[in-house]
Amino acid sequence: PPQSNELDLRSPIVEFRPGYVRRALRSFTGHEFGIGVIHSHPEGTWPSPSRLDDDMDDYFSQEFERYSEGRPYVSLIIARDDHGQRTFSGRAFDRGEWLPVKTWITAGLDVVARDKAFDWGAPAPVFDPDATKERLMELIGCDAMTRLREATVGIIGCSGLGSPAAHVLARAGIGRFVLVDKGRFKPSNHERNHASRASDTVGDPPWKTDLLCRLVHEIAPNTRVTCIVGDVLDEAVVDELVQCDLVLGCTDSVYARAALGDLALHYHIPVLDLAVQMRASDSIIKDQVGEIARYAAGLPCPWCRGRVNARDIFEETISPEEKAQRQHAAAAARARGADAEQYWTNGERHELTVGYMTTTVAAMGAGYTQHWLTGLACIPHDRFQFDLGLQQFGFVKDQRSPCPDCLCQQRIGFADQGRADRTVSKPHHWPEAKLTHCFGKFG
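As a convention, each chain's residues are numbered from 1 in the sequence order in which they are written. In keeping with the predicted nature of the model, local features appear solely for residues at pLDDT of at least 70, side-chain atom pairs appear and are counted solely at 80 or more, and the whole-chain, interface and lining totals rest on all residues. Derived side-chain values reflect all non-hydrogen atoms in the structure, with water molecules and hydrogen atoms excluded from consideration.

J.: Tell me about the overall build of the protein, and name the residues and values.
T.: A helix here means a DSSP run of H or I that spans at least four residues, while a strand means a run of E at least two residues long, and both kinds are numbered starting from the N terminus. When helices and strands are tallied, the protein shows eleven helices and 15 strands. Taking 22 Å as the expected radius of gyration for a compact globule of 443 residues, we find that the protein reaches 28 Å, considerably beyond that expectation. Projected onto the principal axes, the alpha-carbon positions of the protein cover approximately 100 × 50 × 50 Å. Between buried and exposed lies partly exposed: a residue is buried under 20% and exposed over 50% of the maximum accessible area for its type, with that area taken using a 1.4 Å probe on protein chains only. Within the protein, buried positions represent 44% of all 443 residues. Sequence-distant contacts in the protein: of pairs separated by 6 or more residues, those separated by 24 or more amount to 66%. With C-alpha atoms as the basis for the radius of gyration, the globule rule is written as 2.2 Å multiplied by the number of residues raised to the power 0.38. Any two residues having at least one pair of non-hydrogen atoms within 4.5 Å are treated as being in contact.

As structure tokens, this is what we get:
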């Protein structure tokens, strides 16, 4: 058995120190037995191999066979079921082959018992993330791959734009994600959400962050993911975003765009903002516009660029009660022939976008994210738009300078002390964010 100093007590899992392995190898000289490991699982669980069990058995079977002149290695997994009865499974590695342990025989002074094992087979192949990125590594080199692996990317909005962006970045090897969205999945999201399955369209609607977390871990099981059911205006969200190397804005909310501008300027966090706009008339698509803009210290903020306005932010963030009152007042004004927009502009909208367009813009944004994190290429413009239906994509750039009277150039790097100068703040009637850390496999 391992001694107290042979376990790494700082590790959240059972982890042997090198001294234990050396002692186990030396023990082969004193007897002719092989060596086995017993994995203990929590009560009420199946004795099925975990990813940690597979990893440990794969290592020890090769290592012990090499230094024990081919003696077998045995792995047993023990748990108690919901009724307190012992359940177990096992496998033995002998001369390059995994064999199932079918029977456990207990032969003591007062009991002889025979138990049948579950058969779970050989250890699952260990996931090798580097093998999946061979071509990317040939293109950008090992140093850039290391920077991607050590980077943290925040994604605000986890559906049409956020899910394909995370999809591409997870395959590129980003080491950690902070996923933020306050909404639940709707069946209408399915056409453009890369993280959803057909089964997600029925039953209780899941959180969009949970679906995207599942997708990331299916692509790259070792990726660290922090999920927050909340809004970019939540302080708990800001606390996580300030740990990011770059934040992707993937929401069509005006107030969120303004908040991302504040975040970039006050905390020196690079922000890449993605947007899509599509319009149709008589069943003919007229506009299919994508936009990519970046916000950082020294660049114009969303207000300088004319990307946000106070009226839209007000109508997005007021309470349901005040909204109903203003809509009622607007209806009364129209009835008497007065200006209704002084009460309500009827500007409520949701962007009519489809999957091919959101995927195109998100994939470009994911590529520019990799460029910005590694320094291997430049974003062509600080802000640009393109229309896929026009010649040369209808490319338009925006290279304006910051407005001289805007606070965005006077509060750079103020961090929390710039809170009073944020251009938008969280309304009191909004719920608090729910923070969920998902460092392991989803579920």
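J.: Tell me what's going on with the sheet that holds strand β4 (residues 97-100), and back it up with residues and numbers.
T.: Read across the open sheet, the four strands follow the order β1-β2-β3-β4; overall the sheet is mixed. With partners counted over all chains shown, the strands left at the sheet margins are β1 (35-40) and β4, one partner each. Strand-to-strand twist in this sheet, taken as the mean axis angle between neighbours without regard to direction, amounts to 20 degrees. All axes here are fitted lines through C-alpha atoms, helices being fitted over the stretch that makes contact, and every angle between N-to-C directions spans 0 to 180 degrees. Sheet strands touched by helix α2 (residues 51-67): β1, β2 (73-80), β3 (86-94) and β4. Its angle to β2, the strand with the most contacts, is close to 155 degrees. Paired strands, in this sense, are two strands between which DSSP finds at least two bridges.

J.: Tell me about the packing of aromatic side chains, and name the residues and values.
T.: Think of it this way: a Phe, Tyr or Trp ring, Trp meaning its six-membered ring, pairs with another when their centres are within 6.5 Å, and the plane angle makes it stacked under 30 degrees, edge-to-face over 60, tilted otherwise. Under the definition given, this model contains 13 aromatic pairs. Ring plane angle 55 degrees and centroid distance 5.4 Å describe the contact between Y59 and F60, whose orientation is recorded as tilted. Among the aromatic residues, those joined into a ring-pair cluster are F16, Y20, F28, Y59, F60, F64, Y73, F93 and W98. As a reminder, the over-ring test applies to NZ of lysine and CZ of arginine, requiring each to be within 6 Å of the ring centre and within 35 degrees of the ring normal. One Lys or Arg, K182, reaches over the ring of W430 and ends 4.1 Å from the middle of that ring. The ring of W207 carries R184 above its face, with NZ or CZ at 3.7 Å from the centroid.

J.: Could you give an account of the pattern of salt bridges, naming the residues involved and the relevant values?
T.: By salt bridge we mean one thing: a side-chain nitrogen of Lys or Arg within 4 Å of a carboxyl oxygen of Asp or Glu. Under the definition given, this model contains 24 salt bridges. Put simply, E6 and R23 hold a salt bridge, and the shortest N to O gap is 2.7 Å. Of this pair, E6 sits in the segment before α1 (18-26) while R23 sits in helix α1; the two residues are 17 residues apart in sequence, bridging distant segments of the chain. Note on E6: relative accessible area 7%, which makes it buried. The exposure class assigned to R23 is partly exposed, which follows from its relative accessible area of 28%.

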